[in-house]
Amino acid sequence: MGFARTCSVTLVGVEGVVVEVQADLEPGLAAFTLVGLPDKSLVESRDRVRAAVVNSGAQWPQKKLTVGLSPASVPKSGSGFDLAVAVAVLGAAELIDPAAIADLVMIGELGLDGRVRPVRGILPAVLAAADAGYRQVVVPEQTAAEAALVPGVSVLGVRSLRRLVALLTDAPVPEEEPAQEGRPDAMLAGLMVPGAGVGCGLATGTRAGERKGPDLADVAGQHTARLALEVAAAGRHHLLLSGPPGAGKTMLAERLPAILPPLTQQESLEVTAVHSVAGMLPPGEPLVATAPYCAPHHSATMQSLVGGGNGLPRPGAVSLAHRGVLFMDEAPEFSTKALDALRQPLESGHVVVARTAGVVRLPARFLMVLAANPCPCGRHTLHGVGCECPASVIRRYQARLSGPLLDRVDLRVEVQPVQRADLMGQGGRGEATAVVAERVARAGERAADRLAGTPWTANSEVPGHELRTRWRAAPGALAAAERDLERGLLTARGLDRVLRVSWTLADLAGHDRPDAADVALALELRTGIARGAPLHVPRPVPGPVPVPVPVLVPAPVPASEGGPWAGE
């Protein structure tokens, strides 16, 4: 009796689980049995593996063969187990030393001719193997660069099963025909889902330092909207753009990813893992270094937004926009069920999807931009242009964006129609993307220095309790916000979000902490009510970035004494 084992990885959402692939040979009628909750594509690996072994020059064992995938309670899916199954069978047949493959993790699909084809999800699979303590991984040659992003792991990229067997047995490595330049490579077909990537902003040029796309200077006028865009990028605040058709809402949203700061190494790995599982990584660019941009159509279902599919859920639009921008054009046209499903990820930064096959936790920390018309015809706010929508229709249309959803939106800006002077260039061009991006990056550095040593990286993530106790605004700066809270114009969550926007405005202006002008501008950007604050951010004086020291203050006045936080 022969026995051998090696390892592979199965994906549950965007997280990997290391699976031990065991092969057992016994005397008896030649048969191939695969156990361990395999799916349809994995069951078909029996025929692929047999043909690949024979066409690679090895002899298929004519015995009773049983291949087990352990742990047997975890569902396995995909064709990435082919390579591990073939090597385990050869180890059980004593064509390969079983001890040499026991601590290897192998991921890859086999063609009938023995070539190793790439599969999706290599990066999260290798990350799972590294977390489990494995240090040697065998992957298809086309995805070796993606696997090498994981530190502390030795990666071997192979093109064929014949070459891998030669390396494991210390035999002469066979020469392989080099790939011809300019010839389409059918091996890359398994990396991209047909139609994937449309509207997700991941195309060529996702490496660090490459910022291609439309420029913010192309937007005519819209000074308030441009300010809101800059604040949203600097503090990762959600944004609502409302206005008539043709005012430039989509143009503004499309230029937001370019002014976001570049992703950190950890954020790049998170984004790359999600898009690798979804089959949306551009060929030849294994690491996503710029913020993704996802713009689903308004007919999208709730499952396509938060994640779903047959069996275990797959990443939806909120996960594809992780660490980037989720733009929902014509937001009132989305179904109420789909919009309300966004409440949880907007607060928690992840989405938990439960299906009969299991529960999956998917990352979903994104910057949401909503674009909406004031009424079905879009002319309700235009002067001198008749709007024929009845008042009841307008109310129903605007009510599609529910109060709990809008309460999670920090910035609400009404986009006005473009004036003739701005459109014809008489008002001068606005600032270019590079200028605004540099200012946003400097504000992000100030926030990062202040939040160093905490679990938060942006102002939008800081809890309100910390902003009211650890990082206080200037004395008297919150008077207007406190009055709005007492009058019912602001909820407790709304006040916390005003504080977060105030800190972002202070970072952009170079203030040590928010003053009354910062809070007034934050209130105006949230409520749309004029507060007398100038609609621009004072430019900071160049110099070193100061690190404000947290101010320890006494506890809030109890409710019995009539303090501003009474009733919390």
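Here we summarise the structure given alongside this text. The shown structure was predicted, so the numbers you read here are calculated from the model rather than taken from an experiment. (Residues numbered from 1 in each chain as written. Predicted model: local features only at pLDDT ≥ 70, side-chain atom pairs only at ≥ 80, totals over all residues. Heavy atoms only, no water.)

Comments concerning the pairing of strand β4 (residues 64-70)
Phase 1: Where strand β2 (residues 15-26) meets β4, seven bridges bridge the pair, whose relative direction is antiparallel. Bridged to Q22 within β4 is G68. (Pairing = 2+ DSSP bridges. Helix = DSSP H or I, 4+ residues; strand = E, 2+ residues; numbered from the N terminus.)

What to know about the side chain of S502
Phase 1: Tracing the backbone shows S502 in helix α22 (residues 492-509).
Phase 2: A relative accessible area of 1% means that S502 is categorised as buried.
Phase 3: Of note is the side chain of S502, whose polar atom sits 2.7 Å from the backbone oxygen of V498.
Phase 4: Not counting residues within four places of it along the chain, the set of residues in contact with S502 comprises P514, D518, V519 and A522. (Buried < 20%, exposed > 50% of the residue type's maximum accessible area, 1.4 Å probe, protein only. Polar contact = N/O pair within 3.5 Å; in protein donor to acceptor, adjacent residues only side chain to side chain. Contact = heavy atoms within 4.5 Å.)

A closer look at helix α8 (residues 223-235)
Phase 1: The end-to-end C-alpha distance of α8, which contains 13 residues, comes to 19 Å, matching closely the 18 Å that a straight helix rising 1.5 Å per residue would cover.
Phase 2: Across the 13 residues of α8, eleven count as buried, placing the element largely inside the fold.
Phase 3: For α8, the complete set of buried residues consists of A225, R226, L227, A228, L229, E230, V231, A232, A233, A234 and G235.
Phase 4: Downstream of α8 by a residue or two, R236 has a phi angle that is positive, lying close to 60°. (Expected span 1.5 Å × (residues − 1).)

Considering the pattern of salt bridges
Phase 1: Inspection of the entire model under this criterion finds 21 salt bridges.
Phase 2: E230 is the partner of R439 in a salt bridge, and the nearest nitrogen-oxygen pair spans 2.6 Å. In this pair, R439 sits in helix α19 (residues 433-450) while E230 sits in helix α8, placing the two residues 209 residues apart along the sequence. Of the two residues, R439 and E230, both sit in the buried class. (Salt bridge = Lys/Arg side-chain N within 4 Å of Asp/Glu carboxyl O.)

A closer look at the sheet that holds strand β16 (residues 411-414)
Phase 1: Read across the open sheet, the five strands follow the order β11-β12-β15-β10-β16; overall the sheet is parallel. Among the strands making up the open sheet, the edge pair consists of β11 (293-294) and β16.
Phase 2: The pairing of strand β12 (residues 325-328) with strand β15 (residues 367-372) spans four bridges and is parallel. Bridge pairing links V325 to L367 in β15.
Phase 3: Lying over the sheet, α8 contacts β10 (239-242), β15 and β16, oriented at roughly 165° with respect to β16. (Axes fitted to C-alpha atoms, helices over the stretch in contact; angles between N-to-C directions.)

Let's talk about the packing of α8 against α19
Phase 1: Interhelical geometry of α8 versus α19 gives an angle of 40° and a closest axis separation of 8 Å. Judged on the interaxial angle alone, α19 and α8 are oblique. Seen along the crossing, α8 lies across α19 with a hand that is right-handed. For the pair α8 and α19, contact is made by E230, A233 and A234 and by V436, R439, V440 and A443, respectively. (Parallel < 35°, antiparallel > 145°, perpendicular 65-115°, else oblique. Left-handed = near helix turned anticlockwise from the far one by under 90°.)

Overview of the packing of aromatic side chains
Any two aromatic rings considered together are summarised by their centre-to-centre distance and by the angle between their planes.
Phase 1: For the coordinates displayed, the defined rule picks out two aromatic pairs.
Phase 2: Ring centres 5.7 Å apart and planes at 40° place the aromatic pair F32 and W60 in the tilted group. One end of the pair, F32, is in strand β3 (residues 31-35); the other, W60, is in the loop between α2 (45-55) and β4, and 28 residues separate them in sequence. Summarising the burial analysis for this pair, F32 and W60 share the class buried.
Phase 3: Ring geometry for Y293 against F327: centres 6.4 Å apart, planes inclined by 20°, an arrangement best described as stacked. Residue Y293 is located in strand β11, and its partner F327 is located in strand β12; the two are separated by 34 residues in the primary sequence. (Phe/Tyr/Trp six-rings, centres within 6.5 Å; stacked < 30°, edge-to-face > 60°.)

With respect to helix α5 (residues 122-131)
Phase 1: Along α5, eight of the ten residues are buried, which leaves the element largely enclosed by surrounding structure.
Phase 2: For α5, the full list of buried residues reads I122, L123, P124, A125, V126, A128, A129 and A130.
Phase 3: Those residues of α5 that are buried lie in contact with β1 (2-12), β2, β5 (105-106), β8 (136-140), α6 (144-147) and α11 (265-278).

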